[in-house]
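# Residue-level structure breakdown
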Amino acid sequence: MTRVGVVTFPGSLDDGDARRAVRLAGAEPVRLWHGDHDLQGVDAVVLPGGFSYGDYLRCGAIAARSPIMTEIVAAADAGLPVLGICNGFQMLTEAHLLPGGLVRNDHGAFVCRDQRLRVEQTSTAWTNAFSAGEEIVVPLKNGEGGYVADADTVARLEGEGRVVFRYLDVDPNGSVNRIAGIANERGNVVGLMPHPEHAVEPGFGPDTRLAMRSGVDGLRIFRSALEAVLAA
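Residues numbered from 1 in each chain as written. Predicted model: local features only at pLDDT ≥ 70, side-chain atom pairs only at ≥ 80, totals over all residues. Heavy atoms only, no water.

Per an unreviewed UniProt entry, the chain carries the name Phosphoribosylformylglycinamidine synthase subunit PurQ and comes from Amnibacterium kyonggiense. Checking UniProt for the chain, the heading Pathway (unreviewed entry) contains the comment "Purine metabolism; IMP biosynthesis via de novo pathway; 5-amino-1-(5-phospho-D-ribosyl)imidazole from N(2)-formyl-N(1)-(5-phospho-D-ribosyl)glycinamide: step 1/2." UniProt lists a comment for the chain under the heading Subunit (unreviewed entry), and it reads "Part of the FGAM synthase complex composed of 1 PurL, 1 PurQ and 2 PurS subunits." (UniProt positions renumbered as here; feature names shortened; annotations may be inferred.)

This is the structure:
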């Protein structure tokens, strides 16, 4: 069975949800600890959302320098699929596995909403279960989610097809070009601000008749990783 590690940092909030998403996708979730240097032979890694180390200095800055990230950076450079969600996306930029950075939302407030996204790139390890241009809905919750990068970096991301997800309807946090998620050149590392782990189970995700109704679109992101591992 494919084994997917989920790292817990001090201040992680959604690591349990990510492990549940991995299990529902058909893989075995493996608990990884921020202070270890052991990836336990996993086939992929998820960096979950939350407020690692209390978001001191910058969101994800301290976590990016934790012992486990030393191993993740090396493994990602060797091709290991890595997904960074929200705070995990921030870690990936701070660790320089992805370019750019995430800053405070342009309106200055925390946002929590169902968010429509367009899948722009399906050749990554985390999006191969989608069709290009497909529209999905995934919950979004962040206070520092505005993606920024210099003009040359943005042009390179767009030109190389490395923008993976794009916000539709509204830009909820002031991200340049409405960028919601990006990939590295190889396509094995993906970071996104919305939370796919909160859209994996009917009746418990946002497909209820209450405020949030995004179904199980997020589950396909985790299943994509299984396909990528099996195809490797």
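### Overview of the nonpolar core
The biggest cluster of nonpolar side chains holds 65 residues, and the ones touching the most others in it are Leu47 and Phe165. With near-sequence residues (within four places) excluded, Leu47 lies in contact with Val7, Phe9, Met69, Ile72, Val82, Leu83, Gly84, Ile85, Gly88, Met91 and Leu92. (Core = buried A, V, L, I, M, F, W, Y, C linked by side-chain atoms within 4.5 Å. Buried < 20%, exposed > 50% of the residue type's maximum accessible area, 1.4 Å probe, protein only. Contact = heavy atoms within 4.5 Å.)

### Thoughts on the layout of surface pockets
Of the pockets and cavities examined, the second largest pocket occupies roughly 160 Å³. As for the second largest pocket, its lining consists of 13 residues, of which Arg58, Cys59, Glu94, Leu102 and Val103 are closest to the centre. When contributions to the lining of the second largest pocket are tallied by element, the ones reaching two or more residues are α3 (87-94) and β5 (101-103). (1 Å grid on protein atoms, 1.4 Å probe; cavity = no way out; pocket = protein on both sides within 12 Å on 5 of 7 lines; lining within 4 Å. Points joined across faces, edges and corners; volume = space filled by probe spheres on them. Helix = DSSP H or I, 4+ residues; strand = E, 2+ residues; numbered from the N terminus.)

### Regarding the state of the cysteines
All chains considered together, the criterion is met by zero disulfides. Not part of a disulfide, Cys59 finds its nearest cysteine sulfur in Cys86, a span of 8.3 Å. Exposure remark for Cys59: the relative accessible area of 13% places this residue in the buried category. (Disulfide = S-S within 2.5 Å.)

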